[in-house]
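Results of the structural survey
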Amino acid sequence: MSERALFIDYARCIGCQACVQACEECDTHRGQPMIHLETIRRRDSVQTAPQVCMHCEDPICAQVCPADAIKKGPDGVVHSALTHRCIGCSNCVLACPFGVPKYFAAIDQMMKCDLCYDRTSIGKKPMCATVCPSQALTFMTPEELERTRRGTAVNEWVFGEERVRTKVSVVVPHEVKEVHVNLVQLGKRREKAEPDDVAALLEEG
Amino acid sequence: MANGEGAGIKGRIQRWREDFPIRWLDDHYIARREFAKALTIGSALLVGVNAVIAAVGRWVRRPGQMEAEVPVGKASEIPTGGSVLFRYPTDEDPCILVRTQSGDLRAYSQVCTHLSCAIVHQSEKDSFLCPCHRGHFSVNDGRPTGGPPVRRLPRIWIEQRGDELWAVGKDS
Ligand code: SF4
Ligand code: SF4
Ligand code: FES
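Our subject in this report is the structure included herewith. (Residues numbered from 1 in each chain as written. Chains lettered and ligands numbered in written order. Predicted model: local features only at pLDDT ≥ 70, side-chain atom pairs only at ≥ 80, totals over all residues. Heavy atoms only, no water.)

**A short note on the interface of chain A and chain B**
Heads up, the rule is: Residue contacts are defined here by distance: any two heavy atoms, one from each residue, within 4.5 Å place the two residues in contact. Throughout, buried area stands for the accessible area (probe radius 1.4 Å) lost by two parts on being put together, summed over both. Within this document, salt bridges are pairs made up of a side-chain nitrogen of Lys or Arg and a carboxyl oxygen of Asp or Glu, the two lying within 4 Å of each other. Whenever a nitrogen or oxygen atom comes within 3.5 Å of another N or O atom, the pair is scored as a polar contact, on the condition that within protein one atom can donate a hydrogen and the other can accept it, and that pairs from neighbouring residues in sequence are kept only if both atoms are in side chains. Three classes are used, and their members are as follows: Ala, Val, Leu, Ile, Met, Phe, Trp, Tyr, Cys and Pro are nonpolar, Asp, Glu, Lys and Arg are charged, and the others, Gly among them, are polar.
At the junction of the two partners, chain A supplies 13 residues and chain B supplies ten residues. Of the roughly 1100 Å² buried at the junction of chain A and chain B (both faces included), carbon and sulfur atoms supply 51%. Counting the surface chain A buries against chain B, the share from its top three residues, Gln63(A), Lys71(A) and Lys72(A), is 42%. Across the contact surface, chain A and chain B share zero salt bridges. Where chain A meets chain B, there are five residue pairs in polar contact (both at pLDDT 80 or more). Taken together, the residues that form the side of chain A that touches chain B break down as five nonpolar, three polar and five charged.

Now the structure itself:
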C-alpha cells in the first residue's frame, strides 16, 4: 500500500474552524494557528477553504530565503524556518504562491505549517486532518481517496507562467488536470471592483 | 542537482546554491553535532593513549639493557648508610651505590634529573640531595621527593656474586 498523504477537498469545507483550533494546540507553536481558513467571495457565499502548506517540490519560500532558513527534508516536507537563521525579512511570506508563511513581529520570525512533522513523521495524521468533521482535510492513501471520493487528486498548479508541483493534493472534478490560478495585476485599479476584492468593495461603498 | 533545483528562474545554475542547498540530503557539510562528537571522541582517545603510554613508562619497567658488567666493590665493605661511587655503563656516567637504613643495596645514576648536578647521599635521612637547587630523591626508588626535579633517577641494577657486587644493567 502506498504512503498516506494530505488531501484538501475545498468543496467539503464547512468553515467550522476546527482545523484552526487543532493547529493551535501544537506545542511547537501553541496558540498560533499555522492554517489559514480563507473566505471565498465573501459577498455572495459562505464558502470557506482551508490552506495549509502545500510542500512544493521546488519550494519558492526556500528559494527566496536570504538566510538559508527553510529546508526540505528527504520525505518532501518543507520545514518551518530554522529559528537561529530566520532574520524575519518576510521574503517567503511575499513569495509563497499559496500565502502560507506567517510573519510574527513579536518574535521577529516566520512560522509556517510543517505538516505536523512531529506527528506525521511517526505515522500519525496531522492535527487538521484528525479533527476535520467533513474530512475536507484528509490524510489517507491515494487508493483510499479514489475509492471514497468523487473527484481526482491534482497537485499541478499554474500561476501565470510559473508551474508548481506540490506534495499536498487538492480534490477537483475529474476533467481538471491542473489548477490554473488567475493572477491579479498589482497597481492597476479596476473599473469595477471584483466581487471577491473586499478592500475595493469597501472603498466603493 | 536534484530536479534542477537551484536552477534560477531563468534556468541559470546558481553555484552558491550548492553551498546553501534547500534539501537536507544535498547538504554535505558536517553538522555541529557531528563535529562536537568527533572532537569529544578524538580527545578521549588522546587521553586514553596518553594514559597507556604513561602506564607503560611507570609500571612496565623495561629490564635493564645488558650492556657492560662492571665490578662495583664488596658488599661486606658497605655499612648501613654507607655509599660507593662508581661509573656505569661508561666512564662518563657517574653512579652511586648506597646501603639504605633497612639494609638494602640500591644504585642510581648520580646525575640529577633536573639540571644534571651530582647528587649526594644523606644517610641519616635515607635520601639523596642535589645541592644545586635543593632537589631531593628517595633512596628506595629514586623518585623525586622535593625540589625542582620531576623525573626519577635512573636505577642501576646490581648483582651480588659471592661478596662481589656487579653493575649489570641500567633503566633509562
Ligand atoms: S506552499 Fe508556500 S510555504 Fe509551502 S512549500 Fe510552497 S512556497 Fe513554501
Ligand atoms: S522571514 Fe525568515 S524564513 Fe522567511 S525568507 Fe525571511 S529569513 Fe527566510
Ligand atoms: S640540578 Fe639538581 S635540583 Fe637543580
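Okay, back to it.
**Considering the environment of Thr148(A)**
All names here are of chain A. Note the threshold: In this description a helix means any DSSP run of H or I spanning at least four residues, a strand means any run of E spanning at least two, and both kinds are numbered starting from the N terminus. Burial here depends on accessible area, computed with a 1.4 Å probe over protein chains only, as a share of the maximum for the residue type. Under 20% is buried, over 50% is exposed, and the range in between is partly exposed.
Mapped onto the secondary structure, threonine 148 falls in helix 6 (residues 142-148). Classification of threonine 148 by relative accessible area gives partly exposed; the value is 46%. At a separation of 2.8 Å, a polar atom in the side chain of threonine 148 contacts the main-chain carbonyl oxygen of glutamate 144.

**Description of the sheet that holds strand 9 (residues 179-181) of chain A**
Residue and element names in this part refer to chain A. In plain terms, the rule: Should DSSP find at least two bridges between two strands, the strands are taken to pair. A fitted line through C-alpha atoms serves as each axis, taken over the contacting stretch for helices, and the angle formed by two N-to-C directions is quoted from 0 to 180°.
Ordered by their spatial adjacency, five strands build an open sheet running 6-1-8-7-9, and the pairing between neighbours is mixed. Bordering the open sheet on either side are strand 6 (137-140) and strand 9, each of which pairs with just one other strand. Pairwise comparison of adjacent strand axes, ignoring direction, gives a mean angle of 45° for this sheet. Here strand 1 (residues 5-8) runs beside strand 8 (residues 162-172); their pairing, made up of two bridges, is parallel. Paired with isoleucine 8 across the bridge in strand 8 is valine 170.

**Topic: the pairing of strand 1 of chain A**
Here strand 1 of chain A pairs with strand 6 of chain A via four bridges, running antiparallel. Along strand 6 of chain A, the bridge assignment pairs Ala5(A) with Met140(A).

**Quick word on the nonpolar core**
How we decide: The nonpolar core is taken to be a set of buried Ala, Val, Leu, Ile, Met, Phe, Trp, Tyr and Cys residues, with the residues joined through side-chain atoms within 4.5 Å.
Of all hydrophobic cores here, the largest spans 35 residues; its most connected members are Ile35(A), Val52(A), Phe98(A), Leu137(A) and Trp157(A). Of all elements in the fold, only strand 1, helix 1 (18-24), helix 5 (127-131), strand 6, strand 7 (152-159) and strand 8 of chain A reach the threshold of two or more residues within this core. In terms of residue count, strand 8 of chain A provides more of this core than any other element does, four residues in total. Leu137(A) has contacts with Phe7(A), Ile8(A), Cys19(A), Ile35(A), Pro50(A), Val52(A), Cys128(A), Ala129(A) and Cys132(A), leaving out every residue within four places of it along the chain. Of all hydrophobic cores here, the second largest spans 13 residues; its members include Val70(B), Val72(B), Leu105(B) and Leu165(B).

**Here's the deal with the state of the cysteines**
Residues and elements named next belong to chain B. Let me state the cut-off plainly: Cysteine sulfurs are considered disulfide-paired once they come within 2.5 Å of each other.
For the structure on display, the rule yields one disulfide over all chains. Linked covalently through their sulfurs, cysteine 117 and cysteine 132 form a disulfide whose S-S length is 1.8 Å. Torsion about the S-S bond of the cysteine 117 and cysteine 132 cystine: about -90°, corresponding to left-handed handedness. Of this pair, cysteine 117 sits in the loop between strand 4 (105-109) and strand 5 (120-122) while cysteine 132 sits in the loop between strand 6 (127-130) and strand 7 (135-138), placing them 15 residues apart in sequence.

**Digging into the site of ligand 1**
This is how the line gets drawn: Only a single heavy atom is needed: when it lies within 4 Å of a molecule or strand, its residue is near that molecule or strand.
Not every one of the 14 residues close to ligand 1 is listed here, only the nearest: Cys53(A), Cys56(A), Cys61(A), Cys96(A) and Lys112(A). By residue class, the composition of the shell around ligand 1 is twelve nonpolar, one polar and one charged.

**Thoughts on the sheet that holds strand 8 (residues 144-146) of chain B**
Residues and elements named next belong to chain B. Taken together, the four strands give an open sheet; going across it, the order is 5-6-7-8, and neighbouring strands pair in antiparallel fashion. Only two strands of the sheet have a single partner each, and these edge strands are strand 5 and strand 8. Each neighbouring strand pair of the sheet contributes to a mean axis angle of 35°, computed without reference to strand direction.

**A look at the packing of aromatic side chains**
The line we're drawing: Two rings belonging to Phe, Tyr or Trp (six-membered ring only in the last case) form a pair when the distance between their centres is within 6.5 Å. Interplanar angles under 30 degrees mark stacking, angles over 60 mark edge-to-face geometry, and anything in between is tilted. Note on criteria: charge over ring means Lys NZ or Arg CZ within 6 Å of the ring centre, with the direction from the centre no more than 35 degrees off the ring normal.
Applying the stated criterion across every chain, the model contains four aromatic pairs over all chains. Ring plane angle 90° and centroid distance 5.4 Å describe the contact between Phe98(A) and Phe159(A), whose orientation is recorded as edge-to-face. Placement of the pair is Phe98(A) in the loop between helix 3 (91-95) and strand 4 (102-104) and Phe159(A) in strand 7, with a sequence separation of 61 residues. Note on accessibility: Phe98(A) and Phe159(A) belong to one class, buried. Both rings, one in Trp157(A) and one in Phe159(A), keep their centres 6.3 Å apart while their planes meet at 10°; by these two values the pair is stacked. Its guanidinium or amino end placed over the ring of Trp157(B), Arg155(B) lies 4.3 Å from that ring's centre, counting from NZ or CZ.

**Re a nonpolar patch on the surface**
Note the following rule: Here a patch means residues that are over 30% exposed by relative accessible area and free of salt bridges, tied together within 9 Å if like-charged and within 5 Å if nonpolar (Val, Leu, Ile, Met, Phe, Trp, Tyr). Here the Shrake-Rupley method, with its probe set to 1.4 Å, supplies the accessible areas, and only the displayed protein chains count as covering residues.
A surface patch of nonpolar side chains, amounting to about 440 Å² of accessible area, comprises Val52(B), Val56(B), Trp59(B) and Val60(B). By the secondary structure assignment, Val52(B) is in helix 2 (residues 32-59).

**A look at unusual backbone geometry**
Tyr88(B) connects to Pro89(B) through a cis peptide bond whose omega is -5°. Tracing the backbone through its elements, the reader meets Pro89(B) in the loop between strand 2 (83-87) and strand 3 (94-99). Of note, the phi angle at Asp108(A) is positive, near 50°, even though the residue is not glycine. Unusually for a residue other than glycine, Gln135(A) sits at a positive phi of about 55°. Tracing the backbone through its elements, the reader meets Gln135(A) in the loop between helix 5 and strand 6.

**Things to note about the pairing of strand 8 of chain A**
All names here are of chain A. Alignment of strand 7 against strand 8, held across seven bridges, turns out to be antiparallel. Counterpart to tryptophan 157 in the pairing with strand 8 is valine 164. Counting the residues that bridge the hairpin from strand 7 to strand 8 gives two residues, and of these glycine 160 lies at a positive phi of roughly 60°.

Limitation: the analysis is restricted to geometry and does not speak to function.
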